[in-house]
Amino acid sequence: MDDTLHLAPGGRDDADGSAAAPLRTLQGAAARIRELRRDGRETGAIEVLLHGGEYSTPEGLLLTGDDLGDEDRPVVFRAAGDGEAVVTGGIRLKGFEPQEGGIVRLDLAAAGHAGLRFSQLLYRGEKQRIARYPSFQADNPYGGGWLYVEGDPVDMYEGGHGQKDRFVCRDPRLQSWSALDRVELFIFPRFNWNNDMIPLSGYDPATGEVLLSRPATYEIYPGDRFYFRNVREELTEPGEWYLDKDADMLYFYPPAPVACEDVEVYVPTAAHLIELRGAPEQTEDLYTEKIDWRESGTYIHHAERMPQRVGRGYVSFEGLTLEGCAGTAALLRDVSECRLSRCIVRYTGAAGVTVLGGKRNVVADCDIYETGSHGMYVSGGVRSPFAGRYDPCGHEATNNYVHHIGTETKSVAGISINGVGIRVANNLIHDGPRWGIQSRGNRNVIEYNHIRHVNVETSDTAAIYLVDRDWTMFGTKIRYNRIHDILGYHAENGVWMSPSFAFGIYLDDYTSGVEVYGNVTYRTPGGGLYLHAGKENKVENNMFLDTSKEVAKFRRWREEKEYETLRTRGLGLRHNEVRRNIFASGGAQAVLYRFDTALDKDGRLDLDTNVWENNLVWLYGKPATVRVTNREEERFLPFASWQSLGYERGSVEADPRFDAAGPEPHALLPDSPAFALGFEPLPFESMGLRRDVHEAPGVREHPVRTFANKE
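Note that this is a predicted model, so its numbers are computed, not measured. (Residues numbered from 1 in each chain as written. Predicted model: local features only at pLDDT ≥ 70, side-chain atom pairs only at ≥ 80, totals over all residues. Heavy atoms only, no water.)

A.B. asks: Got a minute to help me understand the sheet that holds strand β7 (residues 90-93) in this structure?
C.D. replies: Backbone hydrogen bonds are what pair the strands of a sheet, in a parallel or an antiparallel way. Pairing is antiparallel in the open sheet, where four strands are placed in the order β7-β22-β10-β11. This sheet does not close on itself; its edge strands, each paired only once, are β7 and β11 (126-127). (Pairing = 2+ DSSP bridges. Helix = DSSP H or I, 4+ residues; strand = E, 2+ residues; numbered from the N terminus.)

Printed below as a string of structure tokens:
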């Protein structure tokens with residue numbers, strides 16, 4: 001027997017759940033399912049229909065144990081189709097009173113919310129900003145609104161130029177702030193790989209020294225960009241807010257003039273909107289995955305060795321809008337055969353969707369945006385290198401539209417995966433601070449994705465990024481992806497630039513055993529490919545096009561670095577195969593390849609056991625050259641000299657003959673010389689989403705304006 005329960009915002013949880021007498025809350029539906037099962041009245045599938053309206057779950061919905069389904073008794077929560085069904089994880093606040101200059105104020109204690117804490121505030125469906133200095137610049141959201149650490153520019157790889165827990169800021173504005181212990185520093189320290197958000201612990205107006213309550217991730221260097229936030233005195237711009245925790249007072253400056261009685265804000269309070277929690281059979285090798293990097297205490301524990309058999313799960317959510325929470329909107333932990341499909345996920349404090357462990361969970365056909373960190377984080381599978389076990393979890397993230405993610409934490413990806421046997425396919429990803437897709441583990445598949453306009457706020461980054469640092473991680477396939485307009489934001493000699501220092505596909509830090517096949521990259525500032533010290537990678541049948549500098553980059557780390565990281569010597573940058581690719585760029589500074597730290601002690605280019613052959617090379621009439629650098633030394637080899645070393649057997653320097661006038665400008669004309677080298681046409685029509693979406697505007701429409709270390 002299959003059952004259907006109805007939910008409606010005007011329903012009652014003591015109703016029978018019929019269409020005529022619907023339940024009101026998700027918790028009410030979960031309780032009714034437990035009741036049906038306890039009484040033996042449910043023996044098959046259960047469908048929970050959410051009719052149009054808002055379903056508030058300030059504490060989130062937790063399903064565990066007998067709340068979950070199984071193969072014979074699945075549970076589905078589905079939008080009924082009579083209006084948008086919105087599941088929210090917070091509360092609405094009204095009753096503001098006027099203050100000076102258009103600001104309104106709410107006494108939380110008097111409103112019955114004493115001690116209420118939150119880190120996001122939404123007004124009329126849009127996220128508002130915490131009061132900050134300097135002010136946010138709407139016309140230049142990434143390049144503007146910054147202060148810069150004092151001092152002459154230095155090489156970020158050169159040590160000894162800063163400390164982690166203090167720096168100097170002589171801006172006199174700080175002396176006017178009354179609650180310095182509530183002020184938070186937002187900074188990209190040293191390498192510009194990630195950001196930190198750290199409360200201040202002190203300030204010396206005589207010297208300008210700012211003290212932090214905990215160390216930053218890296219030393220704070222001259223030229224690092226930062227701002228201060230959560231400053232009451234800087235509540236000066238429409239769209240800003242400030243929470244005085246000591247006085248339980250909320251201040252808000254609405255984006256447009258409005259009567260106090262019409263001001264209603266929404267603040268997320270739920271740790272997670274929806275959590276499905278199974279019971280793993282193994283708990284070895286536990287480590288902590290921090291999905292909320294804002295230090296709010298939301299931590300997730302999971303295991304590198306995930307359970308082989310997880311019998312409970314079988315819960316689906318279809319067609320819902322999941323909006324507003326402090327952590328992740330949907331957390332699937334140690335469950336199997338669960339599915340999130342055709343959902344909208346937005347305004348989360350951490351990742352939009354998080355999958356930890358379990359088997360064959362799927363996130364498909366969803367729109368995910370305005371997330372605090374990753375759009376999606378997926379992990380699972382069994383990794384036991386010493387036993388030779390690499391058992392796949394079978395999770396999938398397919399046909400999702402992921403954009404404008406990482407509003408709080410910047411070292412994040414549109415989709416981040418970590419495990420064995422995870423498939424990421426046909427997603428459209430754009431407008432994120434760092435990676436499009438990031439992967440660790442074994443035998444993952446990244447295919448048919450479309451990634452553009454990512455790496456907006458960080459540097460030394462890429463559209464698809466792998467950083468394994470472990471010779472036992474291998475077998476991942478990266479194939480048939482379209483990658484273009486990859487940005488990167490980087491300071492060179494004190495001048496902030498974009499695009500800069502970003503790549504198409506980046507196999508970093510000894511990533512090995514990866515197949516890179518059939519991808520197309522174009523308009524990347526660095527190489528379409530960057531292979532950093534890995535071994536046994538196969539790079540075949542790709543198009544790496546239209547780079548600003550090198551078309552592909554290869555680097556070996558110093559031998560002592562390899563030993564320090566992996567306890568091996570001399571394995572880095574060995575046994576890689578680069579065949580039947582098209583390397584083409586008309587960039588003014590373009591060279592064919594760049595090799596770093598690849599010379600032996602006698603100054604000889606040491607690339608033995610690597611293969612480059614049957615590639616098509618074209619720098620639009622400019623002679624192809626290979627750039628070789630080794631710390632202080634630099635040389636350029638003509639293509640013929642590079643071939644004379646025994647590389648590029650069968651390769652040709654010639655015009656690829658693109659069909660520039662056709663519907664796909666990177667398709668090849670029938671007479672392309674690439675076909676004689678064995679190149680196979682790429683399936684451009686299969687790359688990207690398999691559904692139509694209205695693409696949100698972003699940095700493509702409003703390019704980053706940059707500055708020379710100051711505004």
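A.B. asks: What is the right way to read the pairing of strand β23 (residues 274-277) from this model?
C.D. replies: The two faces of the sheet receive side chains in turn, since in a regular strand these alternate between them. Where strand β4 (residues 61-64) and β23 come together, four bridges link them in parallel fashion. Paired with Leu61 across the strands is Ile274, a residue of β23. Bridge count for β23 against strand β28 (residues 330-333) is four bridges, and the pairing is parallel. Bridging from a neighbouring strand, Ile274 pairs with Ala330 of β28.

A.B. asks: Is there a simple way to think about unusual backbone geometry in this case?
C.D. replies: Backbone phi values are negative for most residues with the exception of glycine, while trans is the configuration of most peptide bonds. Here the amide bond leading from Tyr133 into Pro134 is cis, since omega sits at -5 degrees, within 30 degrees of zero. The topology assignment puts Pro134 in the loop between β13 (132-133) and β14 (147-148). Residue Pro499 is reached from Ser498 by a cis peptide bond, and omega for that bond is 0 degrees. By the element assignment, Pro499 lies in the loop between β49 (495-497) and β50 (502-508). Backbone geometry places Arg190, a non-glycine residue, at a positive phi of 55 degrees. Even without being glycine, Arg360 reaches a positive phi, approximately 50 degrees. Structurally, Arg360 is set in the loop between β31 (353-356) and β32 (362-364).

A.B. asks: Looking at this structure, how should I read the environment of Ile478?
C.D. replies: In this structure, Ile478 sits in strand β46 (residues 477-479). A sequence separation of 54 residues divides Ile478 from Val424, and the C-alpha atoms of the two residues are 9.7 Å apart. If we ignore the near neighbours within four places in the chain, the residues touching Ile478 are Ile446, Ile464, Leu466, Ile505, Leu507, Val514, Glu515, Val516, Tyr517 and Asn519. (Contact = heavy atoms within 4.5 Å.)

A.B. asks: Please clarify how the pattern of salt bridges should be interpreted in this entry.
C.D. replies: Two side chains carrying opposite charge are able to pair once their charged atoms lie near each other. Under the counting rule described, the total for this entry stands at 62 salt bridges. Residue Glu234 is joined to Arg173 by a salt bridge in which the shortest nitrogen-to-oxygen separation is 2.9 Å. Linking Glu234 in the loop between β19 (225-229) and β20 (240-244) with Arg173 in the loop between β15 (166-168) and β16 (184-187), this pair joins segments that are 61 residues apart in sequence. Its relative accessible area of 2% is what places Glu234 among the buried residues. Among the salt bridges present, the one from Arg229 reaches Glu184, with a minimum N-O distance of 2.7 Å. One end of the pair, Arg229, is in strand β19; the other, Glu184, is in strand β16, with 45 residues separating them in the sequence. Exposure class is identical for Arg229 and Glu184. Each is buried. Sharing partners across several salt bridges, the network here consists of Glu540, Glu577, Arg579, Arg580, Glu613 and Arg649. (Salt bridge = Lys/Arg side-chain N within 4 Å of Asp/Glu carboxyl O. Buried < 20%, exposed > 50% of the residue type's maximum accessible area, 1.4 Å probe, protein only.)

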